[in-house]
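Residue-level structural notes
So the chains spell out like this:
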Protein chains: 4
Amino acid sequence: MTLTLDHARTIIAATRAKGREMELKPLSVVVLDAGGHVMAFEREDRAAPGRFAIAHGKAYGAVMLGMAGRAQMARAEAQGYFMAAVNGVYGGQVVPVPGGVLVHDGDQVIGAVGVTGDTSDHDAEAALAGIAAAGFVGEE
Amino acid sequence: MTLTLDHARTIIAATRAKGREMELKPLSVVVLDAGGHVMAFEREDRAAPGRFAIAHGKAYGAVMLGMAGRAQMARAEAQGYFMAAVNGVYGGQVVPVPGGVLVHDGDQVIGAVGVTGDTSDHDAEAALAGIAAAGFVGEE
Amino acid sequence: MTLTLDHARTIIAATRAKGREMELKPLSVVVLDAGGHVMAFEREDRAAPGRFAIAHGKAYGAVMLGMAGRAQMARAEAQGYFMAAVNGVYGGQVVPVPGGVLVHDGDQVIGAVGVTGDTSDHDAEAALAGIAAAGFVGEE
Amino acid sequence: MTLTLDHARTIIAATRAKGREMELKPLSVVVLDAGGHVMAFEREDRAAPGRFAIAHGKAYGAVMLGMAGRAQMARAEAQGYFMAAVNGVYGGQVVPVPGGVLVHDGDQVIGAVGVTGDTSDHDAEAALAGIAAAGFVGEE
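In this report, we go over the structure that sits alongside the text. (Residues numbered from 1 in each chain as written. Chains lettered and ligands numbered in written order. Predicted model: local features only at pLDDT ≥ 70, side-chain atom pairs only at ≥ 80, totals over all residues. Heavy atoms only, no water.)

**Points about the sheet that holds strand S1 (residues 28-33) of chain A**
An order of S5(A)-S3(A)-S4(A)-S1(A)-S2(A)-S2(B)-S1(B)-S4(B)-S3(B)-S5(B) is seen for the 10 strands of this open sheet, with the pairing classed as antiparallel. Strands at the two margins of the open sheet, each flanked by one partner only, are strand S5 (137-139) of chain A together with strand S5 (137-139) of chain B. Each neighbouring strand pair of the sheet contributes to a mean axis angle of 25°, computed without reference to strand direction. With three bridges connecting them, strand S2 (residues 38-43) of chain A and strand S2 (residues 38-43) of chain B associate as antiparallel partners. Looking at the pairing, phenylalanine 41 of chain A lines up with phenylalanine 41 of chain B of S2 of chain B. Where helix H2 (residues 51-65) of chain A meets the sheet, its contacts fall on S1, S2, strand S3 (100-105) and strand S4 (108-116) of chain A together with S2 of chain B, and the angle it forms with S4 of chain A comes to roughly 155°. In the packing of helix H5 (residues 120-133) of chain A onto the sheet, contacts are made with S3, S4 and S5 of chain A, and the angle to S3 of chain A comes to roughly 20°. (Pairing = 2+ DSSP bridges. Helix = DSSP H or I, 4+ residues; strand = E, 2+ residues; numbered from the N terminus. Axes fitted to C-alpha atoms, helices over the stretch in contact; angles between N-to-C directions. Contact = heavy atoms within 4.5 Å.)

And the structure:
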């Protein structure tokens, strides 16, 4: 199965609803397909203007590496020069922290979600809720 | 007035509806704020994966230069090296053709919409319908 | 409210006056709007030639992230790879130290000021005085 | 003689005054020193947000090449690939049209002014007036 735009819209709506339920700061949410390409994005009012690039960087690194944000963060803390080098080969587009969440359909990665605006842990929690609402399993 | 996310969502929904009414190919639609920053984006199913960058480039050039896509195209045809140079100073992010449409609130530019997927003229026509649906005036 | 050029000129003049009163080294001062775009800049005589990029980097990161220089510095010290990655997604344009000061009008961020030339703490103090002179509240 | 910040401020003020006298669209004006580094900049209200990069590109090419905007434009029209290549070696920062004006003190180039906002010819005319007001001779 591949992600459709309707899936992406559901993920964004449910991520945002979770953010409101948790009383998080304004969120920005991007959904990328299995090739790392942008399907849909929304930035909530009062979020800082540059949030697209952060959300995108969280999701892009996840899908390109096949490694969710939490694993990327662990690697960055253990071996910083490696993640810096990885970032170099991806044109500086990777933000290796929680909030970059892989979308699984069974054992297949079909995309990634990037969320930014609150703490990285809260961002990831909201993304997981969004992915579940679309019937998939998130790996944060 | 500044564009809100609700405005951006209305613009995207109405642009897509216009595309379906006109039986256009799958559209990708981005809305940027007055500073050229991404507010919302949707790429319809079956559109090519790289459409975000094209939609963004149409809207980004419009808002950064304060010049809609049709005027940019005229300038590019009359003085190609100038638009190439302008693109350079904006990091290669400008796509100077119709489908980059300014959003006016009275005499103020409050953002831009970028549409790609069908012919440039059809892309622009769909964007104008989307902007009108949100209560603003588009300049293509 | 949005910043006008007159506001920006007032901020720069008052920041420079504060610098002279504190007997700081020659200052360079930039004012960015809410979208991170340059409104005005002045570099005092005898400042090093490359000061525009430093002043810009302090202010640009602040407005794009919605996070003032002091908070960026704390994050960089706690989680260096994160701020390095953030810098990557913004094209290497972020300088995460004091002297990048947000301009608030009530609870809204309407721009940022970047000051460089003396110690980061002194740079920030001068910026705060400049912002206050224009009737706004700075967050350093 | 080298340009001082007071010179730069005089040039900007007089360029803007000329623009108002000629009833031009809102102008953006940058002054670079003999090394191509930004000394001062102002963007008038209602100018498009991306005008710094255009003004800078006009002045930067002039001072780096020692060739004013009008001569650059002639070269671009006669030998487009050459100016494209020149732009490449300067990091894509050159905008080769009138409005990039060299500042001469006798036979020495001491800086450049970049103006954008109206037609290129009008931009250059305003810059010449600004340079004259500071007691120097402009070469457009």
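Now that the structure is up, let's keep going.
**Focus: the relation of the copies chain B and chain A**
Both copies of the chain are related by a screw-like operation: a rotation about an axis and a shift along it. At an RMSD of 0.1 Å, chain B and chain A line up after a rotation of 180° and a shift of 0.0 Å along the axis. Taken together, the turn and the small shift mark the pair as related by a two-fold rotation axis. Of the C-alpha atoms belonging to chain B, the one lying closest to the rotation axis is found on phenylalanine 41 of chain B, 2.5 Å away. Most of the interface of chain B is mirrored in chain A, where 100% of its interface residues again form contacts. (Least-squares fit on C-alpha atoms with pLDDT ≥ 70 in both.)

**Thoughts on the interface of chain B and chain A**
In this assembly, 16 residues from chain B lie in contact with 16 residues from chain A. Around 1500 Å² of area is buried between chain B and chain A when both sides are counted, 49% of it from carbon and sulfur atoms. At the junction of chain B and chain A, the tally comes to four salt bridges. For the salt bridge of arginine 43 of chain A with aspartate 33 of chain B, the shortest nitrogen-to-oxygen distance reads 2.9 Å. Between chain B and chain A we count 13 residue pairs in polar contact (both at pLDDT 80 or more) in total. If you list the elements that add at least two residues to the side of chain B that touches chain A, you get helix H1 (5-21) and S2 of chain B. Here the element with the most residues in the side of chain B that touches chain A is S2 of chain B; it accounts for six residues. (Buried area = accessible area lost by both parts, 1.4 Å probe. Salt bridge = Lys/Arg side-chain N within 4 Å of Asp/Glu carboxyl O. Polar contact = N/O pair within 3.5 Å; in protein donor to acceptor, adjacent residues only side chain to side chain.)

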